[in-house]
Amino acid sequence: MSTPRFLVTREIPEPGPSILKGAGDVVIKDGMSAHELREAVTSGEYDVVLPQVSDKFDAELLAQAKIRGIANYAVGYNNIDVAAAADHGIAVGNTPDVLNDATANTAMLLLLGAARRAHEASEYLREGKFTGIGPNLLVGQDITGATLGIAGMGRIGKAMAHRALGFEMTVIFTQRPPEDRPVSEDELGDLAGRVTQVPWDELIETSDYISLHVPLTEDTTHLINAEVLRRMKSTAVLVNTARGPVVDENALVRALRDREIFAAGLDVFENEPHLAEGLADLPNAFLLPHVGSAEVGSRSGMARKAAENAVAMARGETPPYEVTP
Ligand code: 8YV
């Protein structure tokens, strides 16, 4: 077998580079345009690519690709047409589990920040408006005792549920919104009896907080739209650490501006790195730049898993964290 050649589209932390260098030749780029990615993937120079979620592998590119595998540096893989990859014999892998806690921590940070008006409060202070405490100063929504509705009780949804229970919230969930499928006690593990599965309509209308933990698919695109936002409580807070297009961002801007809901905490956006017009000006939008998994341990865990996937793919083996259509 010739020496495997790996292409990493943006620098990843250790132990990723060391694992790859131990198995073959490695080229690490500092971000790649769609054009550069296409050239590289179709050149026949690389066996396996380790991309970011912003690097798109659509059916058209995959039809021309001369690679054995794509080891995504992410748990989400909506940037890859997995069915088309399979059609062309290209393996796909992701990095599950190692970022569950970090992403749930980010969701909780957004929930708390949006509920307690952290952005507004911080600006107020920095702009020199703080002249003394007051009973009505920057009062936010209750958290303890409030109801959190989780859309998608997968690995990250469960980690979020644990955090919310620690804050003494009531946790309800819908597994596969908008259509649901029943979740067994076994699947819920230690959350069984502590969280309640409800229909999507009920979740929308009764939750004080809604946190999104669904993958981006055709069914979940614009799951949160103008109609859903209208049906949410006027005191509700929306949290999104999943994928931007799960929310109709223009509709959300209108809902936040018209106070149809109280606030939103967002880590992901519909058209990253751009924000919908008006979003950044809203005091009740608490925003982070897609840093959900940005903890040292999660990022090195992701690098390890992506590199392990890549090495297996280069050897023609099934990657340990394989994604199939
Ligand atoms: C990004 C993510 O991959 O894992 C995912 O699905 O969206 C994130 O962890 C990460 O920000 C890439 O650097």
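Residues numbered from 1 in each chain as written. Predicted model: local features only at pLDDT ≥ 70, side-chain atom pairs only at ≥ 80, totals over all residues. Heavy atoms only, no water.

1. As for the pattern of salt bridges
Item 1. Tallying each qualifying case throughout the model produces 13 salt bridges.
Item 2. With its nearest N and O atoms 2.8 Å apart, the salt bridge here joins Lys233 to Asp208. Taken together, the residues span a long stretch of sequence, with Lys233 in the loop between α10 (226-231) and β10 (237-240) and Asp208 in the loop between α9 (200-206) and β9 (209-212) at a distance of 25 residues.
Item 3. Relative accessible area serves as the criterion here: at 30%, Lys233 is assigned to the partly exposed category.
Item 4. Under the relative-accessibility criterion, Asp208 is labelled buried at 17%.
Item 5. Between Arg304 and Glu308 there is a salt bridge; the shortest N-O distance is 3.8 Å. Linking Arg304 with Glu308, this pair stays in helix α12 (residues 296-314), spanning four residues, or about one helical turn.
Item 6. One network of salt bridges, with partners in common, ties together Asp201, Glu205, Glu227 and Arg231. (Salt bridge = Lys/Arg side-chain N within 4 Å of Asp/Glu carboxyl O. Helix = DSSP H or I, 4+ residues; strand = E, 2+ residues; numbered from the N terminus. Buried < 20%, exposed > 50% of the residue type's maximum accessible area, 1.4 Å probe, protein only.)

2. Some remarks on the sheet that holds strand β8 (residues 195-197)
Item 1. The seven strands are arranged β8-β7-β6-β9-β10-β11-β12 in an open sheet whose pairing can be described as parallel. Single-partner strands in this sheet number two, and they are β8 and β12 (285-287). Along the sheet, successive strands turn relative to each other by an average axial angle of 20°, direction set aside.
Item 2. Sheet analysis places strand β11 (residues 263-266) next to β12, joined by three bridges and oriented parallel. Bridged to Gly265 within β12 is Phe286.
Item 3. Of the strands in this sheet, β6 (147-151), β9, β10, β11 and β12 touch helix α5 (residues 100-115), which is tilted by about 150° from β10.
Item 4. Against the sheet, helix α7 (residues 155-166) touches β6, β7 (170-174), β8 and β9, its axis set at about 175° to β6. (Pairing = 2+ DSSP bridges. Axes fitted to C-alpha atoms, helices over the stretch in contact; angles between N-to-C directions. Contact = heavy atoms within 4.5 Å.)

3. So, the pairing of β10
Item 1. Here β10 shows no split at all, with Val237 and Val239 on one side and Leu238 and Asn240 on the other all buried.
Item 2. Sheet topology places β9 next to β10; four bridges connect them, and they run parallel. Considered in β10, the bridge of Ser211 is made with Val239.
Item 3. With respect to chirality, the unit in which β9 leads through α10 into the neighbouring parallel β10 is right-handed.
Item 4. Considered for its hand, the β-α-β crossover made up of β10, helix α11 (residues 249-257) and β11 is right-handed. (Right-handed = clockwise from strand over helix to strand, strands pointing away.)

4. Focus on the side chain of Asn79
Item 1. Summarising the element assignment, Asn79 is placed in the loop between β4 (69-71) and α4 (82-87).
Item 2. Excluding residues within four positions of it along the chain, Asn79 makes contact with Gln52, Val53, Asp55, Lys56, Phe57 and Asn72.

5. Re unusual backbone geometry
Item 1. Following Glu14, the chain continues to Pro15 via a peptide bond in cis, the omega torsion being 10°.
Item 2. Structurally, the position occupied by Pro15 is in the loop between β1 (5-8) and α1 (16-23).
Item 3. The amide bond that connects Glu272 to the next residue, Pro273, takes the cis arrangement and shows omega of 5°.
Item 4. Position of Pro273 among the secondary structure elements: in the loop between β11 and β12.
Item 5. Even without glycine at this site, Leu138 takes up a positive phi of about 50°.
Item 6. Looking at where Leu138 falls in the secondary structure, it is placed in the loop between α6 (118-126) and β6.

6. Here's the deal with the UniProt feature "domain: D-isomer specific 2-hydroxyacid dehydrogenase catalytic" (unreviewed entry) in the protein
Item 1. Residues annotated by UniProt as "domain: D-isomer specific 2-hydroxyacid dehydrogenase catalytic" (unreviewed entry) correspond here to residues 7-323.
Item 2. Segment residues 7-323 splits into 35% helix and 14% strand. End C-alpha atoms: 19 Å apart. (UniProt positions renumbered as here; feature names shortened; annotations may be inferred.)

7. Here's the deal with the nonpolar core
One recurring pattern in soluble globular proteins is that nonpolar side chains are buried together.
Item 1. Counting residues in each nonpolar core, the largest one holds 32 residues, and the members touching the most others are Leu212, Met232, Leu238 and Leu252.
Item 2. In terms of residue count, α11 provides more of this core than any other element does, five residues in total.
Item 3. Among the nonpolar cores identified, the runner-up in size contains 31 residues, and Ala146, Leu165, Phe173 and Val183 belong to it. (Core = buried A, V, L, I, M, F, W, Y, C linked by side-chain atoms within 4.5 Å.)

8. Notes on the sheet that holds β4
Item 1. Judged by pairing direction, the sheet is parallel, and its five strands sit side by side in the order β2-β1-β3-β4-β5 without closing on themselves. Across the chains shown, the open sheet's two edge strands, defined by having one partner strand only, are β2 (25-28) and β5 (91-93). Across the sheet, the axes of successive neighbouring strands diverge by a mean angle of 15°, strand direction being ignored.
Item 2. Relative to strand β3 (residues 48-50), β1 is paired through three bridges, and the arrangement is parallel. Residue Val8 lies in a different strand from β3, and its bridge partner there is Leu50.

9. Looking at the UniProt feature "domain: D-isomer specific 2-hydroxyacid dehydrogenase NAD-binding" (unreviewed entry) in the protein
Item 1. UniProt annotation of "domain: D-isomer specific 2-hydroxyacid dehydrogenase NAD-binding" (unreviewed entry) refers to residues 109-292 when read in the numbering used here.
Item 2. Here residues 109-292 is 29% helix and 15% strand, with 10 Å between the C-alpha atoms at its ends.

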